[in-house]
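# Tertiary structure, described
Okay, here's what each chain looks like letter by letter:
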Amino acid sequence: MTVEAPIDYLVNNAAFGIVGIPLQQYAQGDLSRMVQVNVTALAELTEACVRDMVARGSGRILNVSSISGYVVPHGVECGYAASKAFVVSFSECLAQDLRGTGVTCTHLAPGPTRTEFFDTAGLTDTRRLEPMMMDAAPVARAGYEAMMAGKPACIPGVANKLMRAMMRFAPSRRFTALASGMAVRR
Ligand SMILES: NC(=O)c1ccc[n+]([C@@H]2O[C@H](COP(=O)([O-])OP(=O)(O)OC[C@H]3O[C@@H](n4cnc5c(N)ncnc54)[C@H](OP(=O)(O)O)[C@@H]3O)[C@@H](O)[C@H]2O)c1
């Protein structure tokens, strides 16, 4: 992929989720489509822009990840959570590689946010997610400010920060999968 015009800001936001069902119940081809949008497109767009940004000595990249990318193993969300784990790792590694170049890479890891996401994912009942749910505006603002400050990562909201911290003390894999899966199980 090549990019013609100089890009100063790249925001990789597009993604969709398959949530609430195990992999064996996905429709044929859905996993591949999700990886294409959430992983391949983000990586290729980043690669296409970063060389020119580094050559010009400036640029800002914001990749939208998810708190799901930190929760391992994540129940009934294996393809989506893994796609977002890629975004977390890719972005954090790239941020280090870019040190001293004038270009920065930030990832924004939201938790449940009021958008079209859950409708698109086919999850009609989001009541169990409500205690963590944030409005889109403050999430977007936090990501924008972190990108402009050149921070490697942004986890918006107290509940999401707590979730991230709790992952360090999760008692067992089984507990983590059950607790995370309960919120989105159909
Ligand atoms: N909402 C949440 O709870 C939540 C939590 C954590 C992370 N995130 C992340 O936040 C980002 C934004 O999602 P959102 O919450 O705003 O969900 P959304 O309202 O469903 O928006 C998703 C966006 O991705 C685009 N998109 C989806 N599939 C695409 C495809 N095949 N090709 C091109 N564009 C495509 C959509 O474009 P169209 O409108 O043209 O379809 C839309 O702009 C995503 O990376 C998502 O993973 C969301």
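Look up: the structure comes first, before these words.
Described below are features of the structure shown in this document. Remember, it's a predicted structure, so these values are computed and weren't measured experimentally.

The rules we used
Residues numbered from 1 in each chain as written. Predicted model: local features only at pLDDT ≥ 70, side-chain atom pairs only at ≥ 80, totals over all residues. Heavy atoms only, no water. Near = heavy atom within 4 Å. Polar contact = N/O pair within 3.5 Å; in protein donor to acceptor, adjacent residues only side chain to side chain. Areas by Shrake-Rupley, 256 points an atom, 1.4 Å probe, with all protein chains shown as cover. Helix = DSSP H or I, 4+ residues; strand = E, 2+ residues; numbered from the N terminus. Nonpolar A, V, L, I, M, F, W, Y, C, P; charged D, E, K, R; others polar.

Looking now at the site of the ligand. Around the ligand lies a shell of 19 residues, among which N13, Y80, K84, T113 and T115 are the nearest. Here an oxygen atom of the ligand sits 2.7 Å away from a polar atom, N or O, in the main chain of N13. A distance of 3.5 Å separates an oxygen atom of the ligand from a polar atom in the backbone of F117. Here the ligand has 880 Å² of accessible area as a free molecule, and 61% of this is covered by the chains. Secondary structure elements with two or more residues in the shell around the ligand: α2 (78-97) and α3 (117-120). At three residues, the largest contribution of residues to the shell around the ligand is made by α3. Considered class by class, the residues forming the shell around the ligand number 10 nonpolar, seven polar and two charged.

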